[in-house]
Amino acid sequence: AWPESPYVTYSDAHGLPLDSQVAAGTSLDVLWDNRDSFINADRGWLAKASYRTLFDGFLGGDSTWQKLNLDVRTYASLSHDRRHRLAFWWYADLVVGGVAPFFDLPSTAGDTYGRSARGYAEGQFRGERLAYGEVEYRATLMRNGLVSMVAFLNTTTVTNLDTDERLFDSFATAGGAGVRLLINKRSKTNLCLDFGFGKQGSKGVYLAIQEAF
């Protein structure tokens, strides 16, 4: 099936080499973060914008293209003792010019730490532009914070310009739940175990040391 694979089809359509593809260039990043913790936030906002320009021939680069990444996160308390909270994540990854190599195209779980789109495999959905949203309910089950739980719902939409599919034409939605075991009270670090389920029988099990976002 290799000659009909998405990698070969995309690369042939855009004149990219098949043996290897290289991207190299510059990046401009702006970050604002006033969260009370980057490991397990209860309050605050994170907003980040990144603009990358990649060049054909620069350090072996195969094409010239530009990419914009936007990342916004915030948190809201549902109880005065903050034992019940909501966390929100909005994310966009957009090729805004030129032709990106296949594995540099925006994709599920393609964020910096691969924590988005729980319920789907990394790269399961891929396209020139991607938009993502997630909401997670977080609850502390024991007053000392030793055991907690989460429930989450996320959705991803991507473009495929070769088939004329645009953002918001279709969605890959997933949901799931997880448990938390506090391993460091001072930093609020949890051992996290999540189970995610997506469409068409997609599923995943996720083990991590800090919250997904």
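Let me begin by describing the structure that accompanies this report. (Residues numbered from 1 in each chain as written. Predicted model: local features only at pLDDT ≥ 70, side-chain atom pairs only at ≥ 80, totals over all residues. Heavy atoms only, no water.)

**Quick word on the nonpolar core**
Convention followed: Put simply, a nonpolar core is a bunch of buried Ala, Val, Leu, Ile, Met, Phe, Trp, Tyr and Cys residues held in one set by side-chain atoms that sit within 4.5 Å of each other. Accessibility here uses a 1.4 Å probe with only protein chains present; expressed as a share of the type maximum, an area under 20% marks a residue as buried, one over 50% as exposed, and anything in between as partly exposed. Secondary structure elements follow DSSP: runs of H or I no shorter than four residues count as helices, runs of E no shorter than two count as strands, and numbering proceeds from the N terminus. By definition, residues are in contact when any of their heavy atoms lie within 4.5 Å.
Ranked by size, the top nonpolar core spans 11 residues in total: Ala41, Tyr75, Ala87, Trp89, Tyr91, Ala117, Leu130, Tyr132, Val158, Ala212 and Phe213. Mapped onto this core, the elements with two or more residues apiece are β4 (84-98) and β5 (129-140). In terms of residues, this core owes the most to one element, β4, which gives three residues. Excluding residues that lie within four positions of it along the chain, Trp89 makes contacts with Asp71, Val72, Arg73, Asp111, Arg115, Ser116, Tyr132, Gly133, Glu134, Ala212 and Phe213. By size, the runner-up hydrophobic cluster in this structure holds 10 residues, among which are Val8, Ala100, Phe102 and Leu105.

**A closer look at the packing of aromatic side chains**
Filter applied, for reference: For this analysis, a ring pair means two rings from Phe, Tyr or Trp (six-membered ring only for Trp) whose centres lie within 6.5 Å, classed as stacked if their planes differ by under 30 degrees, edge-to-face if by over 60, and tilted for the remaining angles.
Across all of its chains, the model carries 12 aromatic pairs by this definition. A ring pair is formed by Tyr7 and Phe102, whose centres lie 5.8 Å apart and whose planes are at 85 degrees; its orientation type is edge-to-face. Taken together, the positions of Tyr7 in helix α1 (residues 6-13) and Phe102 in the loop between β4 and β5 put the pair 95 residues apart, joining distant regions of the chain. Comparing Tyr7 with Phe102 shows no difference in burial state: the two are buried. Taken together, a centroid distance of 5.5 Å and an interplanar angle of 25 degrees make the contact between Tyr7 and Phe103 stacked. Taken together, the positions of Tyr7 in helix α1 and Phe103 in the loop between β4 and β5 put the pair 96 residues apart, joining distant regions of the chain. Taken together, Trp2, Tyr7, Tyr10, Phe102 and Phe103 form an aromatic cluster joined through their ring pairs.

**What about the sheet that holds strand β2 (residues 45-54)?**
Paired through backbone hydrogen bonds, the strands of a sheet run either parallel or antiparallel to each other. Rule in force here: The criterion for strand pairing is that DSSP finds at least two bridges linking the strands in question. With axes taken as lines fitted to C-alpha atoms, and helix axes fitted only over the stretch in contact, angles between N-to-C directions fall between 0 and 180 degrees.
Ordered by their spatial adjacency, nine strands build an open sheet running β1-β2-β3-β4-β5-β6-β7-β8-β9, and the pairing between neighbours is antiparallel. Edge positions in the sheet fall to β1 (25-33) and β9 (203-208), since each has one partner strand and no second. Strand-to-strand twist in this sheet, taken as the mean axis angle between neighbours without regard to direction, amounts to 15 degrees. As judged from the 10 bridges shared by strand β6 (residues 147-158) and strand β7 (residues 172-184), these two strands associate in the antiparallel manner. Across the sheet, residue Leu153 finds its bridge partner in β7, namely Gly175.

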